[in-house]
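# Reading the structure
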Amino acid sequence: MKIVAICGAGVGTSAILKLNAERALERLDIEADVTASDVANVAVVAADAQIILTSPELVDRIGKTFADVIVINNYFDLTELTEKLEIALG
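Computed from a predicted model, the values in this text were never measured in an experiment. (Residues numbered from 1 in each chain as written. Predicted model: local features only at pLDDT ≥ 70, side-chain atom pairs only at ≥ 80, totals over all residues. Heavy atoms only, no water.)

### Comments concerning the sheet that holds strand 2 (residues 33-38)
Strands sit in the order 2-1-3-4 across an open sheet of 4 strands; the sheet is parallel. Unpaired on one side and paired on the other, strand 2 and strand 4 (68-71) mark the two borders of the sheet. Within the sheet, the average angular offset between the axes of one strand and its neighbour, ignoring direction, is 25°. Here 4 bridges tie strand 3 (residues 51-54) to strand 4, and the two strands are oriented parallel to one another. By the bridge assignment, Leu53 is partnered in strand 4 with Ile70. Strands in contact with helix 1 (residues 12-28) are strand 1 (2-7), strand 2 and strand 3; relative to strand 2, the strand with the most contacts, it is inclined by about 165°. (Pairing = 2+ DSSP bridges. Helix = DSSP H or I, 4+ residues; strand = E, 2+ residues; numbered from the N terminus. Axes fitted to C-alpha atoms, helices over the stretch in contact; angles between N-to-C directions. Contact = heavy atoms within 4.5 Å.)

Have a look at this one:
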């Protein structure tokens, strides 16, 4: 499974989201390849992704995708990430 964490610039925020998504997946005992990227490259990076994690501000910029787009309000909230990933993967 491939998950892509998207932020505006693809540097700090997406790296934080990637790290916390990996922690949430550990809690759920699910293995996945989590990648961090910027919104400008989402079409290429997420072409084969099952899930895209992003903030509410960037949802409209993702464009057409076959992946499930999960909006994360607080990138530091492991409970929110775990619950939303569990729902999407359940």
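Text resumes after the structure shown.
### Some points on the pairing of strand 1
Across the 6 residues of strand 1, 6 count as buried, placing the element largely inside the fold. Because side chains alternate across strand 1, one face comprises the buried residues Lys2, Val4 and Ile6, and the other comprises Ile3, Ala5 and Cys7, equally buried. (Buried < 20%, exposed > 50% of the residue type's maximum accessible area, 1.4 Å probe, protein only.)

### Side note on the pattern of salt bridges
Applying the stated rule across the entire model yields 3 salt bridges. Asp48 serves as the salt-bridge partner of Lys2, at 2.9 Å between the closest nitrogen and oxygen. Of the two residues, Lys2 is situated in strand 1 and Asp48 in the loop between helix 2 (42-45) and strand 3; the sequence distance between them amounts to 46 residues. Assessed through its relative accessible area of 16%, Lys2 is described here as buried. (Salt bridge = Lys/Arg side-chain N within 4 Å of Asp/Glu carboxyl O.)

### Considering helix 1
At 3.6 residues per turn, the α-helix brings residues three or four places apart onto the same side. End to end, helix 1 covers 25 Å across 17 residues, agreeing with the expected 24 Å (1.5 Å per residue, within 8%). Residues of helix 1 that are buried in the fold lie against strand 1, strand 2, strand 3 and helix 4 (78-89). Backbone geometry just after helix 1 places Asp29 at a positive phi near 60°. (Expected span 1.5 Å × (residues − 1).)

### Section: unusual backbone geometry
Positive phi, close to 60°, is recorded for Asp29, a residue that is not glycine. Mapped onto the elements of the fold, Asp29 is located in the loop between helix 1 and strand 2.

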